[in-house]
Amino acid sequence: MNIEAKLGLDVFKIDKERHITIDVETCNRVCVNKACLYVCPANLYEIDDQGNNTVNYEGCLECGTCLISCDHRALEWHYPRGEYGVQYRMG
Amino acid sequence: MEKVDCIIVGGGLAGLSAAYGLASEGLEVIVIERGDYSGAKNVTGGRLYVSPIRDLYPELWKAAPFERPVTREFVTLMGDGAHTTIELASERFATPAYQSYTVLRARFDQWFADQVMEKGGMVITKNRVDDLLLEGGKVIGIRAGGDDIGADVTIIAEGVLGLLSSKAGLREEPRPQDHALGYKEIIELPPGVIQDRWHLNEGEGAAHLFMGGVTRGLMGGGFLYTNKDSISLGIVVGMEAMRQAPDKVDSYTLLDEFKELPQIKPLVEGGTIVEYSAHAIAEGGIAKVPKLYGDGYLLAGDTAGLSLNALVTVRGMDFAIASGYYAARAVIDAKERDDFTAASLAQYEQSLRSSFVLKDLETARYIPHTIENPRLFTHYPQAVSNLMEQVFTIGPGPSKKLSSTVMGGVRKDFLNLQTLKELYAMRKI
Ligand SMILES: Cc1cc2nc3c(=O)[nH]c(=O)nc-3n(C[C@H](O)[C@H](O)[C@H](O)COP(=O)(O)OP(=O)(O)OC[C@H]3O[C@@H](n4cnc5c(N)ncnc54)[C@H](O)[C@@H]3O)c2cc1C
Ligand code: SF4
Ligand code: SF4
């Protein structure tokens with residue numbers, strides 16, 4: 001089962017307000033390691049056609065790994081508002 | 001501003017345990033939880049060690065929605081082309097009162113929240129605490145959804161990331177060196193199949209850990225716990241180890257690779273994946289435990305760094321419940337003195353120090369550094385399996401004496417300077 005299909009098994013209540021914002025300028029200017037691209041267990045980070053870092057926050061499992069692993073504090077990351085985000089049925 | 005005796009940030013195990021203790025003594029307590037229900041955001045391996053906490057709330061465990069008591073322990077050392085499984089079937093583990101149980105957090109935490117409410121505590125779900133309210137270094141309450149609520153004491157049990165407490169300067173921000181990523185699948189299997197695969201009597205459960213060959217040599221391993229009608233199968237991998245790896249690995253692929261291994265495939269055969277989840281794990285050990293109290297506040301559970309990764313056992317849930325218990329005791333006593341200053345709340349740290357919580361973390365002080373050694377995840381699991389393979393090999397031509405086979409393997413893989421150095425380092429753990 002691929003990662004998108006796995007995320008498809010989870011219950012998400014998606015907020016239109018995003019809870020992860022990337023300071024793309026920092027990513028482009030100083031980041032060599034680009035940890036967010038490979039540490040995320042949901043594979044949500046991707047460099048887009050323009051070469052900019054993006055995150056599909058809608059599939060976020062709220063583990064915080066990207067936040068902890070980012071070398072340059074380029075992420076504005078908070079929990080989704082109450083009622084939103086992933087809702088585990090088993091946990 | 002509305003004011004209560006105690007506000008608890010986070011309705012996970014630490015927060016709910018504190019609330020249960022406070023509500024049982026009739027204090028006015030509000031738990032604020034951001035999930036749709038308690039447990040909606042929470043992930044564990046997971047096995048809860050009940051024996052250290054049984055006497056704290058003796059009445060609680062009888063009706064708890066545990067999955068299975070763990071009566072059998074399995075550890076598999078994975079090598080390339082050979083693996084060794086150790087199976088421990090202990091009569092003691094298989095006799096009540098059981099020392100540990102597997103749990104699923106969405107079920108367990110919801111039940112715990114119900115127990116809190118039965119005691120008269122309030123659990124408000126679907127609400128995120130946006131900020132701690134501070135006044136001259138004292139925490140005086142919280143802000144949530146534009147409302148301010150005041151409290152004599154705020155217990156901060158917001159989990160491992162500690163976003164609010166670090167923002168308020170009550171602890172450090174989490175660092176990759178002190179954290180691992182844990183993630184897992186829940187795979188449904190019929191109870192009979194689970195019992196057959198792990199040699200269990202009806203209703204009994206197993207814990208199965210996998211070392212070596214699972215995380216491509218990065219600090220970490222695989223875990224498997226049997227639930228009533230599913231298994232929790234996952235990976236733990238160090239964040240700093242991932243960041244430093246010369247060959248970058250997409251973390252999520254480790255679990256897929258793991259499931260494809262010939263050792264694992266038959267264990268999950270025929271199962272249906274029903275959920276995928278991930279969470280950070282604190283593993284900095286005692287050296288990373290922040291100051292646990294101050295004017296008007298206490299830190300509990302993962303927020304206070306109270307968790308332990310000792311290679312084959314991850315513990316955090318029992319520490320979370322115990323720290324909640326002692327936090328409640330400290331607040332109850334502070335209320336009697338009507339003194340909520342740091343000096344009065346210092347009792348919390350004292351009781352954690354004289355309990356198993358900080359004692360066990362102290363005993364394990366050197367584990368975090370020792371298990372950073374990548375050879376634990378590559379060389380040793382491989383060497384054990386190589387040795388066992390040789391012992392069981394009957395090739396063409398005359399066999400060597402068993403003792404010389406064993407000594408040959410031991411000499412090659414275990415009796416060298418590197419291993420002795422590592423053993424020396426391990427004496428501390
Ligand atoms: C993969 C994995 C395997 C593990 N295996 C084991 C194991 O086998 N045994 C074991 O004992 N431990 C294990 N642990 C560790 C254990 O799960 C944790 O130590 C334990 O869950 C900590 O409990 P807690 O109450 O401190 O935090 P949590 O359970 O994380 O609870 C924090 C709560 O606070 C809420 N919250 C956070 N911020 C806010 C906010 N701003 N407003 C409102 N609510 C908020 C969250 O939604 C959550 O409900 C494992 C952990 C992981 C990730
Ligand atoms: S690790 Fe941080 S700075 Fe680097 S690319 Fe990712 S978000 Fe940007
Ligand atoms: S919090 Fe976890 S799941 Fe969400 S984007 Fe970051 S790493 Fe991915």
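Residue numbers here run from 1 along each chain, matching the order of that chain's written sequence. Here the convention is simple: chains get letters from A, ligands get numbers from 1, in the order in which they are written. Only residues with pLDDT of at least 70 get local features here, since the model is predicted, and only at 80 or more are side-chain atom pairs given and counted; chain-wide, interface and lining totals rely on the full set of residues. Working from all heavy atoms in the structure, the side-chain values ignore hydrogens and water.

### Remarks on the domain arrangement of chain B
The parts lose accessible area when they come together, and the size of an interface is often stated as this lost area.
Moving on, step 1. Domain delimitation follows an automatic or database domain assignment. With domains assigned, chain B is organised as domain 1 (2-67 + 103-172 + 290-354), domain 2 (177-282) and domain 3 (370-428).
Moving on, step 2. For domain 1 of chain B and domain 3 of chain B, the distance between their C-alpha centres works out to 46 Å.

### Quick notes on the interface of chain A and chain B
Moving on, step 1. Whether two residues touch is decided by their heavy atoms; if any such pair falls within 4.5 Å, the residues are in contact. Taken together, the contact pairs 40 residues of chain A with 48 residues of chain B.
Moving on, step 2. Accessible area, probed at 1.4 Å, shrinks when two parts are joined; the buried area is that loss added up over both. Of the roughly 3800 Å² buried where chain A meets chain B, counting both sides, 54% is carbon and sulfur surface.
Moving on, step 3. Within this document, salt bridges are pairs made up of a side-chain nitrogen of Lys or Arg and a carboxyl oxygen of Asp or Glu, the two lying within 4 Å of each other. At the boundary of chain A with chain B, the tally comes to eight salt bridges.
Moving on, step 4. A salt bridge links B:D36 to A:K13, with the nearest nitrogen and oxygen atoms 2.7 Å apart.
Moving on, step 5. Polar contact is defined as a pair of N or O atoms within 3.5 Å, subject to the rule that within protein one atom must be able to donate a hydrogen and the other to accept it, and that residues adjacent in sequence are counted only when both atoms are side-chain atoms. Counting across the interface, chain A meets chain B through 32 residue pairs in polar contact (both at pLDDT 80 or more).
Moving on, step 6. At the level of secondary structure, the elements contributing two or more residues to the side of chain A that touches chain B comprise α1 (3-7), α3 (36-39), α4 (65-69) and β6 (85-87) of chain A.
Moving on, step 7. Broken down by element, the residue count for the side of chain A that touches chain B peaks at four residues, all from α4(A).
Moving on, step 8. Under the convention adopted here, Pro, Cys and the residues Ala, Val, Leu, Ile, Met, Phe, Trp and Tyr are nonpolar, Asp, Glu, Lys and Arg are charged, and Gly plus all remaining residues are polar. Residues belonging to the side of chain A that touches chain B are distributed by class as follows: 21 nonpolar, ten polar and nine charged. The helix and strand labels rest on DSSP assignments: H or I over at least four residues marks a helix, E over at least two residues marks a strand, and numbering proceeds from the N terminus.

### Remarks on the site of ligand 2
Moving on, step 1. By nearness alone, every residue bordering ligand 2 is listed as A:C27, A:C31, A:K34, A:A35, A:C36, A:N53, A:C70, A:H72, A:A74 and A:L75.
Moving on, step 2. Of the pockets mapped on this structure, ligand 2 occupies the largest cavity. Residues are counted as near a molecule or strand when any one of their heavy atoms sits within 4 Å of it. With a 1 Å grid spanning the protein atoms alone, the term cavity applies to any set of points in which a 1.4 Å probe fits but cannot get out, the term pocket to an open set with protein on both sides within 12 Å along at least five of seven lines, and the term lining residue to any residue with an atom within 4 Å of a point. Cavity and pocket membership follows a simple rule, namely that a molecule belongs there if more than half of its atoms are within 2 Å of the grid points.

### A look at the site of ligand 1
Moving on, step 1. Around ligand 1 lies a shell of 37 residues, among which B:E33, B:R47, B:R105, B:V129 and B:D302 are the nearest.
Moving on, step 2. Neighbouring residues of ligand 1 are not confined to one chain but are distributed across chains A and B.
Moving on, step 3. B:D302 places a polar side-chain atom, nitrogen or oxygen, 2.7 Å from an oxygen atom of ligand 1.
Moving on, step 4. Accessible areas in this description were obtained via Shrake-Rupley with a 1.4 Å probe; residue shielding takes into account the shown protein chains only. If ligand 1 stood free it would expose 1000 Å²; the protein chains cover 98% of that surface.
Moving on, step 5. Mapped onto the shell around ligand 1, the elements with two or more residues apiece are α1 (13-24), β13 (220-226), β15 (272-282), β19 (314-315) and α8 (317-337) of chain B.
Moving on, step 6. Looking at which element gives the most residues to the shell around ligand 1, the answer is β15(B), with three residues.
Moving on, step 7. When the residues that make up the shell around ligand 1 are grouped by side-chain class, the tally is 15 nonpolar, 13 polar and nine charged.
Moving on, step 8. Two domains each provide a minimum of three residues to the shell around ligand 1, namely domain 1 (2-67 + 103-172 + 290-354) and domain 2 (177-282) of chain B.

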